[in-house]
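Secondary and tertiary structure notes
Residues per chain, in single letters:
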Amino acid sequence: MTVTEPVPAPAHAPVPPLAARARSIGGSPVRDILAVTARPEVINFAGGLPAPELFDAAGIAAAYQAVLAETPARALQYATTEGEPGLREALAERTSARGLPTGPDDLLITTGSQQALSLLATALLEPGDVVLVERPCYLAALQVFAFAGARIVGVPGDAEGVDPEALGELVVRERPKLFYTVPTFQNPTGRTLPADRRAAVAAVAARRGLWIVEDDPYGELRFEGERLPWIAAQEGAADRTVLLGSFSKVMAPGLRLGWLRAPGELLRACVVAKQAADLHTPTVNQLAAARYLADNDLDAHVARVAAVYRERRDAMLGGLANSLPEGSSWERPEGGMFLWARLPESYDTTELLGQVVEQEVAYVPGAPFYAGEPDRSTLRLCFVTQTPAEIREGLRRLREGLRAKP
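This write-up is about the structure you can find in this document. Source: prediction; values computed, not measured. (Residues numbered from 1 in each chain as written. Predicted model: local features only at pLDDT ≥ 70, side-chain atom pairs only at ≥ 80, totals over all residues. Heavy atoms only, no water.)

Along the backbone of the protein chain there are 14 helices and 15 strands. For a compact globule of 406 residues, the expected C-alpha radius of gyration is about 22 Å, and the protein chain comes in at 23 Å, within 12% of that figure. Considering the protein chain as a whole, with its 406 residues, one finds that 54% of them fall into the buried category. Pairs at least 24 residues apart make up 74% of the contacts formed inside the protein chain by residues separated by at least 6 positions. Working note: accessible area of the protein chain is about 18400 Å², and carbon and sulfur atoms make up 53% of it. Both charge centroids of the protein chain, one from 41 positive and one from 50 negative side chains, sit 1 Å from each other. (Helix = DSSP H or I, 4+ residues; strand = E, 2+ residues; numbered from the N terminus. Rg over C-alpha atoms; globule rule 2.2 N^0.38 Å. Buried < 20%, exposed > 50% of the residue type's maximum accessible area, 1.4 Å probe, protein only. Contact = heavy atoms within 4.5 Å. Areas by Shrake-Rupley, 256 points an atom, 1.4 Å probe, with all protein chains shown as cover. Lys, Arg positive; Asp, Glu negative; His and termini not counted. Charge placed at Lys NZ, Arg CZ, Asp CG, Glu CD.)

Following this line, the structure appears as structure tokens:
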């Protein structure tokens, strides 16, 4: 009888590999660009950050001080997953006042509206499901859907936003689970979907069977024109539209406070997903936000911020003709934080970024915002973080960087 000697185990075996989804999904190109351009001498049009000097730091500090002085045990304790009742009540009142009847139980408080996207992906998507998005689309939404294993398909549109007819055709052909949209002051383009198209999108969803995820982080930052009703408020949309909101652009992003409004069954599924993710959003932040809303006029604060942002948008619009190559085009947003430009077809904004950064100015190339084939001649400019004088200097540097096109 032959005895086989056992094979000795390696002294230090490798650990099992990462999940396939973690290996296949990269980081955010925008965050990568911000890391490269973090030097203070760089005029950074690449970020999507609100202007920090406009935060109501005193009002927010007073809200925290009041909460910690009056109810410290509650503020520092665990809370319910759904969110603090007082904050949900205040948000329900604000939402109802803007034309969408909402009760506190219709809302889930999330750790930023980015978490709301992740919870929806967990609750709705199986690997291989199709998700329709705008073309171009908010970059971090593309990351969330890709991480969930979805197949992402871009819906064509124009300067007014997504084309409802193209949406309807893709719903028939692709049988998607959901359509994700930022219809007001969209990231990255700044476009706003007109009222008739909002109604048409809702009609497609009602007729064809489709979830609509309506993300509205910028809608209150309006500089001109009339506020448009949410898609969620359109006829036939109530049972199939999820509305996402956030305090990041109107109060402060460091609070990490967002919310999700959804029909009952989906809302409950998101609550369970959130329990598995982080139990609940920090109690002290929720109570401070509720106290801030009770003690301050948030609408007046937002109006002051929007007035400053409008001045900065106008400074950027006023300088683009002398800064971008002949044959370029750009869009004029009525609010929000971003401006979208398209250079002549021979320009690749990803390839050009390095030489532009050498001039100590930065933008975000348009390519990462596309599901499928990108338009490589596009770029996004954020106009809210710099003063008008800094914007003018940044555009001068941009002209010099683009002039050196190989």
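Looking now at the packing of helix H6 (residues 112-124) against helix H10 (residues 264-277). Across the interface, H6 lies against H10 with an axial gap of 9 Å and an inter-helix angle of 110 degrees. By the angle between their directions, the pair H6 and H10 is classed as roughly perpendicular. Along this stretch, H6 crosses H10, giving a crossing that reads as right-handed. Within the contact between the two elements, H6 uses Gln-115, Leu-119, Leu-120, Thr-122, Ala-123 and Leu-124 and H10 uses Leu-266, Ala-269, Cys-270, Ala-273, Lys-274 and Ala-277. (Axes fitted to C-alpha atoms, helices over the stretch in contact; angles between N-to-C directions. Parallel < 35°, antiparallel > 145°, perpendicular 65-115°, else oblique. Left-handed = near helix turned anticlockwise from the far one by under 90°.)

Before going further, it helps to examine the sheet that holds strand S11 (residues 329-330). Pairing within the open sheet is antiparallel, and its 4 strands lie in the order S11-S12-S15-S14. The sheet is open, and its two borders are formed by S11 and strand S14 (364-365), each paired with just one other strand. The pairing of strand S12 (residues 338-342) with strand S15 (residues 378-382) spans 5 bridges and is antiparallel. Residue Ala-341 lies in a different strand from S15, and its bridge partner there is Leu-379. (Pairing = 2+ DSSP bridges.)

For S12, the buried fraction is high: 4 of the 5 residues fall into the buried class. In this sheet, S12 lies alongside S11 in antiparallel orientation, the contact comprising 2 bridges. Counted as the bridge partner of Ser-329 is Arg-342 from S12.

Here 7 strands make up an open sheet; going across it, the order is S2-S10-S9-S8-S7-S3-S4 and the pairing mixed. Edge positions in the sheet fall to strand S2 (107-110) and strand S4 (151-155), since each has one partner strand and no second. Between one strand axis and the next, the sheet turns through 20 degrees on average, direction left out of account. Note that strand S8 (residues 211-215) and strand S9 (residues 241-246) share 4 bridges and pair parallel. Each residue of the ladder has a partner; that of Val-213, found in S9, is Val-242.

On to the packing of helix H3 (residues 57-70) against helix H11 (residues 283-295), then. The N-to-C vectors of H3 and H11 enclose an angle of 115 degrees; their axes lie 8 Å apart at closest approach. Considering the relative orientation of H3 and H11, their crossing is right-handed. For the pair formed by H3 and H11, the contact residues are Gly-59, Ile-60, Ala-63, Tyr-64, Ala-66, Val-67, Leu-68 and Glu-70 on the first element and Val-284, Asn-285, Leu-287, Ala-288, Arg-291 and Tyr-292 on the second. Residue composition of the contact of H3 with H11, grouped by class: 10 nonpolar, 2 polar and 2 charged. (Nonpolar A, V, L, I, M, F, W, Y, C, P; charged D, E, K, R; others polar.)

The linkage connecting Arg-135 with the following residue, Pro-136, adopts the cis geometry, with an omega of 5 degrees. When you line up the elements, Pro-136 lands in the loop between strand S3 (130-134) and helix H7 (139-147). In this model, Asn-187 is joined to Pro-188 through a cis peptide bond whose omega is 20 degrees. Assignment of secondary structure puts Pro-188 in the loop between strand S7 (178-181) and helix H9 (195-208). Of note, the phi angle at Arg-175 is positive, near 50 degrees, even though the residue is not glycine. Positionally, Arg-175 belongs in the loop between helix H8 (164-174) and S7. Given the relative accessible area of 71%, Arg-175 is considered exposed.

Grouped together as the largest cluster of nonpolar side chains are 101 residues, with contacts concentrated most on Leu-120, Phe-145, Tyr-180, Phe-247, Met-251 and Leu-260. The leading source of residues in this core is helix H12 (residues 298-320), at 9 residues. In contact with Tyr-180, other than residues within four places in its own chain, are Leu-117, Leu-132, Val-133, Glu-134, Cys-137, Tyr-138, Ala-141, Phe-145, Val-213 and Asp-215. Core analysis: the next-biggest nonpolar cluster, separate from the first, contains 19 residues, Val-171, Phe-179, Leu-193 and Leu-210 among them. (Core = buried A, V, L, I, M, F, W, Y, C linked by side-chain atoms within 4.5 Å.)

The next subject is the environment of Gly-99. Locating Gly-99 in the fold gives a position in the loop between helix H5 (85-97) and S2. Along the chain, Gly-99 and Gly-401 lie 302 residues apart, while their C-alpha atoms are 46 Å from each other.

Here the focus is the pattern of salt bridges. On inspection of all chains with the given rule, the structure shows 27 salt bridges. In this structure, Glu-70 engages Arg-291 in a salt bridge whose closest nitrogen and oxygen atoms are separated by 2.8 Å. Pair noted here: Glu-70 is in helix H3 and Arg-291 is in helix H11, with a separation of 221 residues, a long-range link. On the basis of relative accessible area, Glu-70 is assigned to the exposed category, the value being 52%. Taken together, the salt bridges that share partners define one network made up of Glu-224, Arg-310, Arg-313, Asp-314 and Arg-332. (Salt bridge = Lys/Arg side-chain N within 4 Å of Asp/Glu carboxyl O.)

End to end, H10 covers 20 Å across 14 residues, agreeing with the expected 20 Å (1.5 Å per residue, within 8%). Inspection of H10 places Leu-266, Leu-267, Cys-270, Val-271, Ala-273 and Lys-274 among the buried residues, and these make up the whole buried set. Taken end-on, H10 shows its buried residues confined to a sector of 165 degrees, consistent with a single buried face. In H10, the exposed positions angled more than 90 degrees off the buried face are occupied by Glu-265, Arg-268, Val-272 and Ala-276. Each element contacted by the buried residues of H10 is listed here: S2, H6, S8, S9 and strand S10 (258-261). Remark: Leu-279 follows H10 within two positions and exhibits a positive phi of approximately 65 degrees. (Expected span 1.5 Å × (residues − 1). Arc of directions from axis to C-beta.)

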